Amino acid sequence: MTTAIIITLCTLLLLAYVFDYSSSKTKIPSVIFLLLLGWGVRQISQLMNMNIPQLTMLLPILGTVGLILIVLEGSLELELNKSKKSLIIKSFTVALVPLLVLAFLMAFSFQYFSNASFKNSLINAIPFCVISSAIAIPSVKNLVTSDKEFVIYESSLSDIFGVLFFNFVALSSGFQIESIGMFLLQFFFIIIISFIATVGLSILLKKIEHPIKFAPIILLIILIYEVSKEFNLPSLVFILLFGLFLGNLDEMKRFKLIEKLRPDELNKEVKKFKELIVEATFLIRSLFFLLFGYLMETAEIINTSTLAWAVAVVAAIFTLRAIQLKISSLPLMPLLFIAPRGLITILLFFSITPAQSILSANKSLIVQVIIITALVMMYGLLRNKNKDIKVV
């Protein structure tokens with residue numbers, strides 16, 4: 001049994017690598033293949049009457065580690081300099097405004113049709129509003145640099161805004177001044193923690209001479225994230241700031257504190273660290289979507305009672321996106337179609353407590369929205385002519 005599991009896992013991950021490698025050429029998002037592969041394994045295991053243990057509890061664990069690694073990978077890619085100012089502002093706007101507008105529109109709809117409280121409706125709406133960097137970033141490898149940079153910035157920021165917004169609504173008593181003040185205080189604390197932790201981890205990254213040096217750093221990052229999360233702090237901010245710091249050492253050489261870290265030497269270690277993060281992210285992301293595909297029920301995919309809701313949600317997603325791209329003077333092709341839902345949507349959905357959940361926002365709706373947005377992205381990438389349109 002153990003041998004069969006190891007062989008199966010290795011085969012599935014090798015297939016995941018083939019999907020990831022070929023996606024830039026076929027322009028078909030690898031997540032579609034991963035979900036289908038996971039679903040196919042479930043069908044085969046049921047036909048063969050194989051006794052497979054309950055795996056549902058692994059999904060939030062893989063999702064959390066995947067979230068940390070994906071945001072870290074994305075933030076390591078982001079460049080902060082004057083030439084990127086316009087791009088950053090537009091990415092910020094396109095990531096935030098449609099997320100907020102869609103969340104409130106869906107919340108009002110859920111409240112109207114489900115007779116749930118507005119707070120619970122909003123909590124259930126937010127997961128549908130977050131662009132998945134886990135799907136978007138790997139899918140745009142063959143786009144022109146300007147479009148690729150925009151997708152990296154926008155999807156990474158969307159992940160962060162979505163998680164922060166979700167935690168604020170889920171953990172606060174409402175939009176009172178006290179709640180907002182508490183959130184700002186928590187944000188202030190995480191900034192301080194992030195500064196101390198970032199400097200400390202950077203020193204460790206440079207000073208550790210043991211052959212095993214990156215594994216302890218990654219474990220410490222996950223530990224700091226989880227401990228901060230236990231105190232209801234927006235811990236994803238720490239991951240973002242740490243990645244931005246390491247990825248932009250050259251831009252901060254003028255500061256005396258940075259000079260003491262010898263950025264030229266540290267950059268060599270950062271390059272190795274980044275390579276490890278990319279590899280680890282691929283493994284965790286692939287396992288997550290394979291497992292989610294395995295846990296999908298056929299009835300959930302073809303559930304006609306939620307299909308109309310799924311189509312309406314997807315229509316709203318791309319309508320708002322088209323409007324915001326136009327307002328921001330950004331090209332519609334292919335950016336309009338690159339708004340997939342995925343890992344963060346699933347992770348936030350499973351974070352909703354039974355007391356906060358509503359019937360309208362169920363797993364069938366989540367699955368259908370993820371699949372439809374991935375198919376829309378595939379259509380957009382197949383139509384893309386790859387003209388070098390500069391995003392400014």
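Predicted, not measured: the structure shown is a model, and the values here were computed from it.

Q: How would you explain the overall build of the protein chain if you had to name every residue and give the values?
A: Per the secondary structure count, the protein chain includes 16 helices and zero strands. Computed over the C-alpha atoms, the radius of gyration of the protein chain is 21 Å, within 12% of the 21 Å expected from 2.2 N^0.38 for a compact globule of 392 residues. Reported as C-alpha extents along the three principal axes, the dimensions of the protein chain are approximately 60 × 55 × 45 Å. In the protein chain, buried positions account for 52% of the 392 residues. For the protein chain, the share of sequence-separated contacts (at least 6 apart) that also reach a separation of at least 24 residues comes to 81%.

Q: Outline the packing of aromatic side chains, supporting the account with residue identities and numerical values.
A: Taken as a whole, this structure holds 18 aromatic pairs when the rule is applied. Pairing Phe-188 with Phe-189 gives two aromatic rings, centres 6.2 Å apart and planes at 50°, and the pair type is tilted. In this structure Phe-188 comes out as partly exposed when scored by relative accessible area, which is 48%. Under the relative-accessibility criterion, Phe-189 is labelled partly exposed at 42%. On the numbers, 5.5 Å between centres and 70° between planes, the contact of Phe-349 with Phe-350 is edge-to-face. Judged by its relative accessible area of 17%, Phe-349 falls in the buried class. Counting every residue linked through ring pairs, the aromatic cluster contains Phe-110, Tyr-112, Phe-113, Phe-128 and Trp-309. Cation over ring: Arg-42 sits above Tyr-294, and NZ or CZ is 5.6 Å from the ring centre.

Q: I'd like a rundown of the nonpolar core, residues and numbers included.
A: In this structure, Leu-67, Phe-128, Ile-221, Ile-239, Phe-273 and Phe-289 are the most contacted members of the largest nonpolar core, which totals 127 residues. When near neighbours in sequence (up to four residues on either side) are disregarded, Ile-239 contacts Ile-68, Val-71, Leu-72, Ser-75, Ile-221 and Tyr-225.

Q: Give a detailed account of the pattern of salt bridges, specifying residues and quantitative values.
A: A complete count under the given rule lists seven salt bridges for this structure. Salt-bridge contacts for Lys-84 lead to Glu-149; the nearest nitrogen and oxygen are separated by 2.6 Å. Residue Lys-84 is located in the loop between α3 (58–77) and α4 (85–114), and its partner Glu-149 is located in helix α7 (residues 145–171); the two are separated by 65 residues in the primary sequence. You can call Lys-84 buried: its relative accessible area is 12%. In this structure Glu-149 comes out as partly exposed when scored by relative accessible area, which is 21%.

Q: Could you give an account of the confidence of the model for the protein chain, naming the residues involved and the relevant values?
A: Here the protein chain shows a mean pLDDT of 86. Residues at 70 or above account for 96%. Summarising per-element confidence for the protein chain, the mean pLDDT is lowest in helix α11 (residues 256–260) (70) and highest in helix α14 (residues 304–327) (94). Residue range residues 387–392 is modelled with pLDDT below 50. Its contacts to residues more than four positions away, or to other chains, number 16 contacts.

Here is what the cut-offs are and how they apply
- Residues numbered from 1 in each chain as written.
- Predicted model: local features only at pLDDT ≥ 70, side-chain atom pairs only at ≥ 80, totals over all residues.
- Heavy atoms only, no water.
- Helix = DSSP H or I, 4+ residues; strand = E, 2+ residues; numbered from the N terminus.
- Rg over C-alpha atoms; globule rule 2.2 N^0.38 Å.
- Buried < 20%, exposed > 50% of the residue type's maximum accessible area, 1.4 Å probe, protein only.
- Contact = heavy atoms within 4.5 Å.
- Phe/Tyr/Trp six-rings, centres within 6.5 Å; stacked < 30°, edge-to-face > 60°.
- Lys NZ or Arg CZ within 6 Å of the ring centre and 35° of its normal.
- Core = buried A, V, L, I, M, F, W, Y, C linked by side-chain atoms within 4.5 Å.
- Salt bridge = Lys/Arg side-chain N within 4 Å of Asp/Glu carboxyl O.
- pLDDT = per-residue confidence, 0-100.

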